[in-house]
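Summary of the model geometry
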Amino acid sequence: MTVNLCETEPLLVLDAWEAVVDVSYHSPEGKTYLYTWDFSLPEDAGNLAHAGPGWYRTRVQTRGRAEGRRHDSSKEPVEEHSISLWPATGPEPDRVHKMDDAFPARR
């Protein structure tokens, strides 16, 4: 997993990813942290609400989710995820840019 804290909306790259979705997120206190499945805090992730309190857009990009379901990925992860966050002026509708993987968007 990679996390990118951006000042503005990053370039939209679709070719390398199976799913790309943008959603709005509000951080009223300007404190947002990424936790692992066992609720531990990765040391290198830091505060995701990097511009302080307010609205953010979050882009989640994934690939390899179907492969991950077919294999024991506990020893060697096969899924890849990228999360990008940038400040926003307010909430915006969720936007599905691409959904080519084995888990279609819910309607």
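First, a word on scope: everything that follows refers to the structure included in this document.

Rules behind the numbers
- Residues numbered from 1 in each chain as written.
- Predicted model: local features only at pLDDT ≥ 70, side-chain atom pairs only at ≥ 80, totals over all residues.
- Heavy atoms only, no water.
- Helix = DSSP H or I, 4+ residues; strand = E, 2+ residues; numbered from the N terminus.
- Buried < 20%, exposed > 50% of the residue type's maximum accessible area, 1.4 Å probe, protein only.
- Contact = heavy atoms within 4.5 Å.
- Areas by Shrake-Rupley, 256 points an atom, 1.4 Å probe, with all protein chains shown as cover.
- Polar contact = N/O pair within 3.5 Å; in protein donor to acceptor, adjacent residues only side chain to side chain.
- Core = buried A, V, L, I, M, F, W, Y, C linked by side-chain atoms within 4.5 Å.
- Salt bridge = Lys/Arg side-chain N within 4 Å of Asp/Glu carboxyl O.

1. Description of the overall build of the protein
- Looking only at helices and strands, one finds 1 helix and 5 strands in the protein.
- In the protein, buried positions account for 31% of the 107 residues.
- Intrachain contacts of the protein at a sequence separation of at least 6 include 73% that bridge at least 24 residues.
- For the protein, the computed accessible surface area is about 7500 Å², with 52% contributed by carbon and sulfur atoms.

2. Structural notes on the side chain of Gln61
- Along the chain, Gln61 falls in strand β3 (residues 54-63).
- Owing to a relative accessible area of 7%, Gln61 belongs among the buried residues under this scheme.
- Polar contacts involving the side chain of Gln61 include one to the main-chain carbonyl oxygen of Val13, which spans 3.4 Å.

3. Describing the nonpolar core
- Judged by nonpolar contacts, Leu34, Ala45, Leu48, Ile83 and Leu85 together constitute the single largest core of 5 residues.
- Excluding residues within four positions of it along the chain, Ile83 makes contact with Met1, Thr2, Val3, Asn4, Thr58 and Arg59.

4. Observations regarding the pattern of salt bridges
- One pass over the full model with this rule turns up 5 salt bridges.
- Among the salt bridges present, the one from Arg57 reaches Glu92, with a minimum N-O distance of 3.9 Å. Taken together, the residues span a long stretch of sequence, with Arg57 in strand β3 and Glu92 in the loop between β4 (80-88) and β5 (95-99) at a distance of 35 residues.
- Across the pair Asp100 and Lys98 runs a salt bridge whose closest N-O atoms are separated by 3.9 Å.
- Of the residues examined, Asp100 reaches a relative accessible area of 56% and is grouped as exposed.
- What makes Lys98 buried here is its relative accessible area of 16%.
- One salt-bridge network, in which partners are shared between bridges, spans Glu9, Asp22 and Arg59.

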